[in-house]
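For reference, the chains in residue letters:
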Amino acid sequence: MSKQDVLFILLLLLIAPVSAGLQTEGARTAPLIIDHTATDLTALPGTAIALAKEDLHIVYGHTSHGSQLTTGMTGLVSFTHAPYPGSMYAWNNGGTGGALDLDEQGVWNDLGNPDFTSWATMTRNYLNNHHETNVVIWSWCGELSWATPSDVDTYLSLMDNLEADYPDVAFVYMTGHLDGTGVSGNLNQRNNQIRQFCRAQNKVLYDFADIESYDPDGNEYLSRGADDGCTYNGGNWATAWQDRHTEGVDWYQCDAAHTEPLNANRKAYAAWTLWARLAGWQDGQVPVTPITTSPTVIPPLHQIPGTVQAEDYDAGGEGVGYHDTTPTNLGGAYRTDGVDIEGIGGGTGYALCYVRDGEWARYRLNVTTPGVYRVDLVVSSPEAGRSVTLLQNSTQLGTVLVPQTGSFDRYLHGSAEIFLAGTVLLTLRFDGDGQNLDQFSLTRVEPTLLPGQAAAPLDPDHDGHCEDLNGNGQQDFVDVVLLFNQMDWIDQQGQGGYYDFNGNSRLDFDDVVMLFGRL
């Protein structure tokens, strides 16, 4: 479980209406219908997502049509315009790394394959061997198109019996995918048979057919002969909507079986609404996140060398002290502006969290002794390829590679060496979603003895740059030659800042020329 999840669960304990516990059949006083009206992902608070990931252990039986849910859920993880970072929507078998625990391999086939009853036996066998499982969901393939009322009665009876025998498990009923036969077709009649039963008996229904009967604007297509590929008697509603909107912003690509990506997107949104509702979230109840304000109203001028807490970024708000893609503090801790901050487990402090690519925080530093400093970041990320860029004004000073720590709970160190002097506004820009920052320290690194020299380099004028490279107490042409010959070696040691005389944050021939000009 990630740090985000831990904090959210703690918050939910303070907000009674949000968490009512796993909603099984015996505790349900009204039906739970997940249909096209449950596809607004922006309405789903992060607290509800976190609670679902904490509480649910799901087994899902399906074949190709049913895979649209999990294909859509997988694509959502990479959708950069989702309301939360992709890691919030992560899922896997086992729930490792703070993901939702969803097993789609533990049972196989679907509700009508190889017959209308085998799935129930497989369910019992699975539950008897996986006592942690508390949600069971099965999908149809095309069998409802030719199923009889008696076949559906068999399905409903078997589900009802399972609920009676496993009272601590939530069983999710499902309708079958569209087949183009419209309102009067056998498919819709059998789907209505399932809907009527679920409403009358306070069951949980994931209405697969209803979700693909509507586009995101609420236009209905069942009565116009829509099928599982979103084709109807006027064209294809999904491709038309996709063409009118921006890929990667309004919808995302995913390899959805038998249908268009938009349809699987909406199946995923509805699935997450289902998981949240099963975990106890009530639609329309958005928790108010309690804020613990910082005891330091004005962030301090950080004395360097020293350690800086990530949450103590500069004042000034969005675009001045920080840049964040959301207007509120999603972590709900320490400060009341838009930066996402959460408490670290055990009450040991705070960390920046829910990071999106390109967000940044700025820190005001007072560097008592100019020179090269090792910046050591305490970071966590379950993702690979993340980094933090260090900037002063618009000049890039260096880059810290963030180690892949396996989860948000596990923090490791990443470092780089940069030159600092005087009062500095240091910006930390996050490159890539899904990384947490606890704190960073800056330690001065003394100039390294150059190859073949008897003494370490000296900084005669105390500006942080070493003009006397051989440390003999004199500034002469020998120092210029030494810099020219050892530029590559100096760079490899991370000591270039001591010889960056032109201040462009890199060691090059211009620095040799400038040193010569200082003689």
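This text goes with the structure placed above it.
The numbering scheme is per chain: residues are counted from 1 as the chain's sequence reads. Reporting in this predicted model follows two pLDDT cut-offs: at least 70 for local features of residues, and 80 or more for side-chain atom pairs to be given and counted; totals over whole chains, interfaces and linings ignore these cut-offs and use all residues. Values shown for side chains rest on all heavy atoms present in the structure; no hydrogens or waters enter the calculation.

**Remarks on the overall build of the protein chain**
Consideration 1: Working definition: helices are DSSP H or I runs of at least four residues, strands are E runs of at least two. Numbering for both runs from the N terminus. Along its length, the protein chain carries 11 helices and 19 strands.
Consideration 2: When its C-alpha atoms are laid out on the principal axes, the protein chain stretches across 100 × 45 × 40 Å.
Consideration 3: Looking at the protein chain as shown, the accessible area adds up to about 20500 Å², and 50% of this sits on carbon and sulfur atoms.
Consideration 4: Taken as two groups, the 24 positive and 65 negative side-chain charges of the protein chain have centres that lie 5 Å from each other. The protein chains shown are the only cover counted for residues, whose accessible areas, like all others here, come from Shrake-Rupley with a 1.4 Å probe. Asp and Glu count as negative and Lys and Arg as positive, but His and the ends of the chain are not part of the count. Where a charge lies is defined by one atom per residue type, namely NZ (Lys), CZ (Arg), CG (Asp) and CD (Glu).

**As for the state of the cysteines**
Consideration 1: Sulfur atoms of two cysteines make up a disulfide when they are within 2.5 Å. Enumeration according to the criterion identifies zero disulfides in this entry.
Consideration 2: Free cysteine: cysteine 254, not disulfide-bonded; nearest cysteine sulfur from cysteine 230 at 11 Å.
Consideration 3: Judged by relative accessible area, which is 12%, cysteine 254 ranks as buried. Only protein chains enter the accessibility calculation, which uses a 1.4 Å probe. A residue is then buried if its area is under 20% of the maximum for its type, exposed if over 50%, and partly exposed in between.

**Examining the side chain of threonine 175**
Consideration 1: Within the element layout of this structure, threonine 175 appears in the loop between strand E6 (170-174) and helix H6 (186-200).
Consideration 2: Relative accessible area serves as the criterion here: at 1%, threonine 175 is assigned to the buried category.
Consideration 3: We call two N or O atoms a polar contact when they sit within 3.5 Å, provided that within protein one can donate a hydrogen and the other can accept it, with sequence-adjacent residues counted only if both atoms are side-chain atoms. Here phenylalanine 208 takes part through its backbone nitrogen, which lies 2.9 Å from a polar atom of the side chain of threonine 175.
Consideration 4: Within the structure, threonine 175 has its side chain in polar contact with the backbone nitrogen of alanine 209 (distance 3.0 Å).
Consideration 5: Beyond its immediate stretch of four places on either side in the chain, threonine 175 contacts Trp140, Leu144, Asn191, Arg195, Leu205, Tyr206, Asp207, Phe208 and Ala209. What makes two residues a contact is simply this: any of their non-hydrogen atoms within 4.5 Å.

**Notes on the sheet that holds strand E1 (residues 32-34)**
In sheet architecture, strand pairing relies on hydrogen bonds along the backbone and comes in two forms, parallel and antiparallel.
Consideration 1: With parallel pairing, seven strands are arranged side by side in an open sheet as E1-E7-E6-E5-E2-E4-E3. Edge strands, defined here as strands with exactly one partner in the open sheet, are E1 and strand E3 (91-92).
Consideration 2: When DSSP finds at least two bridges between two strands, those strands are taken to pair. Taken together, the four bridges between strand E2 (residues 57-61) and strand E5 (residues 135-138) define a ladder with parallel strand orientation. Counterpart to glycine 61 in the pairing with E5 is tryptophan 138.
Consideration 3: Of the strands in this sheet, E2, strand E4 (100-103), E5 and E6 touch helix H4 (residues 118-129), which is tilted by about 155° from E5. Note on definitions: angles span 0 to 180 degrees between N-to-C directions of axes, and those axes are lines fitted to C-alpha atoms, for helices only across the stretch in contact.

**Some points on the pairing of E6**
Consideration 1: Of all five residues that make up E6, five are buried, and the element is covered over most of its length.
Consideration 2: Neither face of E6 is left uncovered, since the one carrying Ala170, Val172 and Met174 and the one carrying Phe171 and Tyr173 both have all their residues buried.
Consideration 3: One ladder, built from three bridges, connects E5 with E6; its direction is parallel. Among the inter-strand pairings, valine 136 is bridged to a residue of E6, identified as phenylalanine 171.
Consideration 4: Whether a crossover is right-handed depends on one test, that the path from the first strand over the helix to the second runs clockwise when the strands point away from the viewer. Crossover handedness for the path E5 to helix H5 (residues 149-165) to E6: right-handed.
Consideration 5: Where E6 and strand E7 (residues 204-206) come together, three bridges link them in parallel fashion. If you follow tyrosine 173 over to E7, its bridge partner there is leucine 205.
Consideration 6: For the crossover from E6 across H6 to E7, the handedness is right-handed.

**Thoughts on the packing of aromatic side chains**
Consideration 1: For Phe, Tyr and Trp, where Trp contributes only its six-membered ring, two rings pair if their centres lie within 6.5 Å, and the inter-plane angle classes them as stacked under 30 degrees, edge-to-face over 60, or tilted in between. Scanning all chains against the criterion turns up 16 aromatic pairs.
Consideration 2: Considering the side-chain rings of tyrosine 363 and phenylalanine 440, the 5.0 Å spacing of their centres and the 75° angle between planes classify their relative orientation as edge-to-face. Here the residue tyrosine 363 occupies a position in strand E15 (residues 360-380), and phenylalanine 440 occupies one in strand E19 (residues 436-445), the gap between them amounting to 77 residues.
Consideration 3: Overall, the relative accessible area of 0% leaves tyrosine 363 in the buried class.
Consideration 4: Working rule: Lys NZ or Arg CZ, within 6 Å of ring centre, within 35 degrees of ring normal, means a charge sits over the ring. A cation sits over an aromatic face here: arginine 335 above tyrosine 313, 3.7 Å from the ring centre.

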